[in-house]
Amino acid sequence: MVPGRLAGVPRRLKPVLACASACVLACYLAALGYGAAQPSVANSEQAIVPWLEAHHLTTGLGTYNEANLITLDSGGRIAIRTVSWQFDRDVPRRFESKADWFDPRHNYANFIVTNTADTTPNRDGSLRRSSMIPRQAIAALHAGPPAHVYHYKRFTIMVWNHNLLDDLGSTPEILPGEIPCAHDCV
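Owing to the predicted nature of the structure, the values given are computational and were not obtained by experimental measurement.

1. Here we look at helix H3 (residues 64-73)
Among the residues making up H3, those that are buried are Glu66, Ala67, Ile70 and Thr71. Buried residues in H3, looked at end-on, bunch into an arc of 105 degrees, giving them a common side. Trailing H3 by a residue or two, glycine 75 shows a phi angle of about 70 degrees, which is positive.

Here it is, written out as structure tokens:
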């Protein structure tokens, strides 16, 4: 009995097709084995979690990328809250957030974290820094200069001696979208 897929194939071509199929399968298996044998690439966001913990920085502000990745990678031990960074005032981000996270009576956020790893080219060839916060937006907090600025790998961590939640605008206004970034990003 001839299998259904090979029913219309002349008898002399069946061994050739079987050999070709075996070669293709062997190539797929070799590629799978090669990929599985490669060392895993470390998540750049995970690298900062022990650093933040060692410096006793547990709640801070950042972009959507950093807020999600660092908070999840730390198992919630580090909480980065997403802010919509604007040039005139910064507000808590309504999307995927809870209003209580931004209440200064219940939380104390004293640092901002940015990451230079997430740079992508715009159509004109310039770089869009999706995890960068414009300097004007940080100045719009009216928090004054940070007490300390640290550089760890591709991160910049700016630390203040007071609760930055007191400096945020009160109403989350911005829906999901791109973070505005001028040429002068941190």
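2. Notes on the packing of aromatic side chains
Across all of its chains, the model carries two aromatic pairs by this definition. Geometrically, the ring pair formed by tryptophan 51 and tyrosine 150 is edge-to-face, given 5.3 Å between the ring centres and 65 degrees between the ring planes. A residue pair is termed long-range when its members are at least 10 positions apart, and tryptophan 51 in helix H2 (residues 48-54) and tyrosine 150 in strand E7 (residues 148-152) qualify at 99 residues. By the ring-pair criterion, three or more aromatic residues cluster together here, those being Trp51, Tyr150 and Tyr152.

3. Quick look at the pattern of salt bridges
In the structure shown here, the tally under the stated rule is two salt bridges. Two residues, arginine 77 and glutamate 53, come together in a salt bridge whose shortest N-O distance is 2.5 Å. On the criterion of sequence distance, the pair formed by arginine 77 in the loop between H3 and strand E2 (79-84) and glutamate 53 in helix H2 is long-range, its members being 24 residues apart. Judged by relative accessible area, arginine 77 falls into the exposed class, the value being 51%. Given a relative accessible area of 30%, glutamate 53 falls into the partly exposed group.

The rules behind each value
Residues numbered from 1 in each chain as written. Predicted model: local features only at pLDDT ≥ 70, side-chain atom pairs only at ≥ 80, totals over all residues. Heavy atoms only, no water. Buried < 20%, exposed > 50% of the residue type's maximum accessible area, 1.4 Å probe, protein only. Helix = DSSP H or I, 4+ residues; strand = E, 2+ residues; numbered from the N terminus. Arc of directions from axis to C-beta. Phe/Tyr/Trp six-rings, centres within 6.5 Å; stacked < 30°, edge-to-face > 60°. Salt bridge = Lys/Arg side-chain N within 4 Å of Asp/Glu carboxyl O.

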